[in-house]
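Fold and contact review
These are the residues of each chain, in order.
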Amino acid sequence: ELAPLGDVFVVAPEHEQSASSHRITLSGPLRHRALGGSFHAVDGTPADCVYIALNLTGLLPRRPDVIVSGINHGLNLGDDVTYSGTVAAAFEGVLLGWPSIAVSQQATNREHWDTGTAHYDFRGVCNFVANLVPRVADPSFPRHMLLNVNAPGEAPDGLRGAVATRLGRRIYNDELQLQEEVDGRRKYLIYGDSPGHHVEQGTDFAAIEDLRISVTPLHFDLTDTVGVGQV
């Protein structure tokens, strides 16, 4: 869907990087592998991939005009954005001064991405983002802001439009489970349960429940401005 807008280059992590957040690789060099055409793999994080793509290292013939991160298999809503490698890649773009969009998609059968049985229909969100890119790439679009796009798991005819939202709040139901203990070392399973969320109007969660594409503007400023006056 993006191809008619111009040249599209894919620079993606070599391996799964779910919940890698905004981690960057400082412990050693990054390795690049050309996959043919405009496709490239990097053995680092999503943020690493954006950093490499935006620097004139010979990886790409020119710097891109806009960063589109995703489509992530599974939603990145509410507090999830603090863990998300997909959102972090878009944040890296904004940090370096580029317009950026993070895109995530719910499975049509509502399965988690790593079950092996999750199914996706990307047509609706692909078309939506393709129409969103020119607006974000316009020089008048705020460069301090990224758009976090989440789409419900529906075919295009099942979507009820799109809406601007704010971040909702997750309810994490995880329990620490001890799996085994060998030679004095314990092996735990964490983050195994599906999280819930607070029910509030106007949030990204509410949009998904209403079968609407959620568009949440995000920025880096985490300052509690009210708290500044209370310190």
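Here the structure is a predicted model, which means the values were calculated and not measured.

Once that is clear, we can look at the sheet that holds strand β5 (residues 100–105). Read across the open sheet, the five strands follow the order β4-β5-β6-β12-β7; overall the sheet is mixed. Two strands in the sheet have a free side with no partner beyond their single neighbour: β4 (67–73) and β7 (162–164). Mean inter-strand twist for the sheet, computed between neighbouring axes without regard to direction, equals 20°.

Further remarks concern the packing of aromatic side chains. Tallied over the full model, the rule gives two aromatic pairs. Look at F91 and F220: their rings are 4.7 Å apart centre to centre, the planes differ by 45°, and that puts the pair in the tilted class. You can see F91 sitting in helix α2 (residues 85–95) and its partner F220 sitting in the loop between β12 (213–219) and α5 (225–228), a full 129 residues away along the chain. Assessed through its relative accessible area of 14%, F91 is described here as buried. Arranged with centres 5.5 Å apart and planes meeting at 0°, the rings of Y120 and F122 form a pair that is stacked.

In this structure, strand β9 (residues 177–182) lies alongside strand β10 (residues 185–189), joined through five bridges in antiparallel fashion. Bridged to E181 within β10 is R186. Counting the residues in the hairpin turn of β9 and β10 gives two residues, including D183, whose phi is positive at 55°.

Cut-offs applied
- Residues numbered from 1 in each chain as written.
- Predicted model: local features only at pLDDT ≥ 70, side-chain atom pairs only at ≥ 80, totals over all residues.
- Heavy atoms only, no water.
- Pairing = 2+ DSSP bridges.
- Helix = DSSP H or I, 4+ residues; strand = E, 2+ residues; numbered from the N terminus.
- Axes fitted to C-alpha atoms, helices over the stretch in contact; angles between N-to-C directions.
- Phe/Tyr/Trp six-rings, centres within 6.5 Å; stacked < 30°, edge-to-face > 60°.
- Buried < 20%, exposed > 50% of the residue type's maximum accessible area, 1.4 Å probe, protein only.

It is worth stressing that arrangement in space is one thing and function is another; only the former is reported here.
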